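Remarks on the overall topology
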Amino acid sequence: SMKPVSAWGRLSNDLHEVQVLTDRTHVAPVLAAHQPGLAYGNGRSYGDVCLNPNGHLWHTSGLNKLIAFDEATGRLVCEAGVLLRDIQRLFVPRGWMLPVTPGTQLITVGGAIANDVHGKNHHAVGSFGDHVLGLSLVRTTGEMLQLDWANTPDLMRATVGGLGLTGVIVTAELQLRRVGSPWLRTETLPYKGLSEFFELADASEHDWEHTVSWIDCLAGPTARGIFMRANHMTAQEAAAMPSLRATLAAQNRKMQGKPLRMPFVPPVSLVNGLSLKPFNWAYYQLQKLKSGVDVAHYEPFFYPLDNMQHWNRMYGPHGFYQYQSVVPREGGQDAVQAMLDAIAASGEGSFLAVLKTFGNREAKGLLSFPQPGVTLALDFPNRGQRTLRLLAQLDAIVREASGRLYMAKDARMPRGLFEAGYPRLSEFATYRDPGISSAMSRRLMEF
């Protein structure tokens, strides 16, 4: 039936004909009868990568079963509609965890593969695709293909990070990593200026698995921020801290209880000129007070917004743009500073400004986003042309620095910037499924 569907940025609410997939053995007939279409997971992509306005969406929410798990090796086989949260909550108490997760665990396995998501530990373990051992892919021709890196490396490279355009991922085999506890030993460090940020990032890469920073994008040349780094605690380390038992019990009650929620869409964005500067100042001062070494449960450290349902509503009825870029390390500091200067001069701003470095490793996917360098993620309330003018300024800085934008978050990237940032598009196009199309693929790839 035709239903309005939005991405997480809430920039549109177009009608789609939605078919819910519930049986992994019966996916091919659904695709054959309802195409061109597009797989849709939990709708946490920000822009139009998960949308197919006035067309078909194949909703994978019913493909939510775990199939097999090897307790000795940590190999998990599951359906593509399983949420990362459900894997984490089931297996962390058993000593296993997903090696890579993004800033929310409320995404599906299929979506994580299709967007080749990254986390706070890219320099240590790469992106999600580095831990996908194999998958089953249904093409709109009716073929069911079994893919792995040894036998079908080319189609694997096209599907990992392939934005769902090579077929519908039905199952996946993932390699989990051992963990001794759900706890992280953390350190919080305030910094002033991008030079200090890069010094902290470089100094942390060898000894800290997870690194990330929040940056005040309105602070101008001072670029003050909060740098956070963390390592997993062993079972012995956790057992030596009896106080963690009470904290774990409280965390479990919180996970099982009713989460906070943004109950309505306000008539205007709550992210505005009146709120941004006070919020950024207060956040910096509060986190500065928390500086030093501490212990944190993995959920609030990795996914700080997941306990607030519908937080995207706070941007008001017109939604918001997410803008994440990566630029090479050479010239990266100048490019990031230029973006911060442009934001400060525009009068716009971001609550959720995240700055981190990627490791010196190439992603496996032909269209994967991560590349060696520094990445800056920002959010802007949709104020129409005023916001689009600022984003065009940022585009010019990214292109001049030989960078690229993250398609999982994009809603308006110019085609020229896309083609410059993803030079393997022509190679990828040979593997696309002609029965699959999305708003983004039509906008950027002409199919």
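So, a few notes on the structure that sits alongside this text. (Residues numbered from 1 in each chain as written. Predicted model: local features only at pLDDT ≥ 70, side-chain atom pairs only at ≥ 80, totals over all residues. Heavy atoms only, no water.)

So, on to the overall build of the protein chain. Counting its regular elements, the protein chain contains 15 helices and 21 strands. Taken over C-alpha atoms, the radius of gyration comes to 21 Å for the protein chain, in line with the 22 Å a tight globule of 447 residues would show. Overall size of the protein chain, expressed as C-alpha extent along the three principal axes, is 60 × 55 × 45 Å. Taking all 447 residues of the protein chain together, 57% fall into the buried category. Within the protein chain, contacts between residues separated by at least 24 positions form 74% of all contacts whose residues are at least 6 apart in sequence. (Helix = DSSP H or I, 4+ residues; strand = E, 2+ residues; numbered from the N terminus. Rg over C-alpha atoms; globule rule 2.2 N^0.38 Å. Buried < 20%, exposed > 50% of the residue type's maximum accessible area, 1.4 Å probe, protein only. Contact = heavy atoms within 4.5 Å.)

Time to look at the nonpolar core. Membership of the largest hydrophobic core comes to 112 residues, with the highest contact counts inside it found for Phe128, Leu394 and Met445. Looking at which element gives the most residues to this core, the answer is helix H11 (residues 332-346), with 6 residues. Once residues within four sequence positions are removed from consideration, Phe128 is found in contact with Leu84, Leu98, Val100, Val109, Ala112, Ile113, Asp116, Val117 and Leu174. The next biggest cluster of nonpolar side chains, apart from the first, holds 15 residues, and it includes Val92, Leu184, Ile226 and Tyr298. (Core = buried A, V, L, I, M, F, W, Y, C linked by side-chain atoms within 4.5 Å.)

In this section: the packing of aromatic side chains. Each aromatic ring pair is specified by the distance between its two centres and by the angle formed by the two planes. Per the counting criterion, the structure on display carries 19 aromatic pairs. Look at Tyr298 and Tyr303: their rings are 6.4 Å apart centre to centre, the planes differ by 85°, and that puts the pair in the edge-to-face class. When the ring centre of Trp8 is taken as reference, the NZ or CZ atom of Arg44 above it lies at 3.7 Å. (Phe/Tyr/Trp six-rings, centres within 6.5 Å; stacked < 30°, edge-to-face > 60°. Lys NZ or Arg CZ within 6 Å of the ring centre and 35° of its normal.)

Here Gln35 and Pro36 are connected by a cis peptide whose omega angle stands at 0°. Relative to the assigned elements, Pro36 resides in the loop between helix H1 (27-33) and strand E3 (37-40). With a phi close to 55°, Arg10 is a non-glycine residue in the positive phi region. Mapped onto the secondary structure, Arg10 falls in the loop between strand E1 (2-5) and strand E2 (14-20). Judged by its relative accessible area of 21%, Arg10 falls in the partly exposed class. One non-glycine residue, Asn54, adopts positive backbone phi at about 60°.

Taken in spatial order, the 4 strands of this open sheet run E1-E2-E4-E3, and their pairing is mixed. Only two strands of the sheet have a single partner each, and these edge strands are E1 and E3. Direction aside, the axes of adjacent strands within the sheet are offset by 45° on average. In the sheet, E1 pairs with E2 via 4 bridges, with the strands oriented antiparallel. Considered in E2, the bridge of Lys3 is made with His16. (Pairing = 2+ DSSP bridges. Axes fitted to C-alpha atoms, helices over the stretch in contact; angles between N-to-C directions.)

Okay, helix H2 (residues 84-91) next. Among the residues making up H2, those that are buried are Leu84, Ile87, Gln88 and Phe91. Buried residues of H2 fall within an arc of 95° about the axis and therefore sit on the same side. Elements in contact with the buried residues of H2: strand E5 (66-70), strand E6 (75-79), strand E7 (96-97), helix H3 (109-114), strand E10 (168-175) and helix H10 (298-302). (Arc of directions from axis to C-beta.)

What follows is about the pattern of salt bridges. Taken as a whole and judged by the stated rule, the model has 17 salt bridges. Close ionic contact of Arg94 with Glu71 constitutes a salt bridge, the shortest N to O distance being 2.7 Å. A residue pair is termed long-range when its members are at least 10 positions apart, and Arg94 in the loop between H2 and E7 and Glu71 in the loop between E5 and E6 qualify at 23 residues. Classification of Glu71 as partly exposed rests on a relative accessible area of 36%. Residues participating in the shared-partner salt-bridge network are Asp48, Asp410 and Arg443. (Salt bridge = Lys/Arg side-chain N within 4 Å of Asp/Glu carboxyl O.)

Attention now goes to the side chain of Glu209. With respect to the secondary-structure elements, Glu209 resides in the loop between helix H6 (194-204) and strand E13 (210-215). At 2.8 Å, the side chain of Glu209 and the side chain of Arg177 are in polar contact. A polar contact is formed between the side chain of Glu209 and the side chain of His210, at a distance of 3.5 Å. (Polar contact = N/O pair within 3.5 Å; in protein donor to acceptor, adjacent residues only side chain to side chain.)

Taking strand neighbours across the sheet as the criterion, the 8 strands line up as E16-E12-E14-E13-E19-E20-E18-E21 in an open arrangement whose pairing is antiparallel. Only two strands of the sheet have a single neighbouring strand rather than two, namely strand E16 (292-297) and strand E21 (404-405). By the bridge criterion, 8 bridges tie strand E12 (residues 183-191) to strand E14 (residues 225-232) in an arrangement that is antiparallel. Within E14, the residue paired with Pro190 across the bridge is Ile226.

In this section: the pairing of E5. Along a regular strand, successive side chains alternate from one face of the sheet to the other. In terms of strand pairing, E5 meets E6 through 4 bridges, oriented antiparallel. Its bridge partner lying in E6, Leu66 is registered against Cys78. Linkage of E5 to E6, two consecutive antiparallel strands, is achieved through a turn of 4 residues, within which Gly74 is found at a positive phi near 80°.

With that out of the way, let us pick up the environment of Met144. Relative to the assigned elements, Met144 resides in strand E9 (residues 144-148). Between the alpha carbons of Met144 and Ile169 there is a distance of 9.8 Å; along the sequence they are 25 residues apart.

This brings us to the side chain of Asp306. Structurally, Asp306 is set in the loop between H10 and strand E17 (308-309). We note that Asp306 is buried and unpaired, the nearest opposite charge coming from Arg44 at a distance of 4.4 Å. Excluding anything up to four places from it in sequence, Asp306 contacts Arg44, Gly103, Thr104, Gln105 and Leu106. (Lys, Arg positive; Asp, Glu negative; His and termini not counted.)

Let us look at the packing of H11 against helix H12 (residues 385-400). Two elements in contact, H11 and H12, have axes whose closest approach is 9 Å; the angle formed by their N-to-C orientations is 165°. The pairing of H11 with H12 is recorded here as roughly antiparallel in orientation. Here H11 runs over H12; the crossing is right-handed. From H11, Ala335, Ala338, Met339, Ala342, Ile343 and Ser346 reach across to H12, where they touch Arg386, Leu390, Gln393, Leu394, Ile397 and Val398. Class assignment for the residues of the contact of H11 with H12 results in 9 nonpolar, 2 polar and 1 charged. (Parallel < 35°, antiparallel > 145°, perpendicular 65-115°, else oblique. Left-handed = near helix turned anticlockwise from the far one by under 90°. Nonpolar A, V, L, I, M, F, W, Y, C, P; charged D, E, K, R; others polar.)

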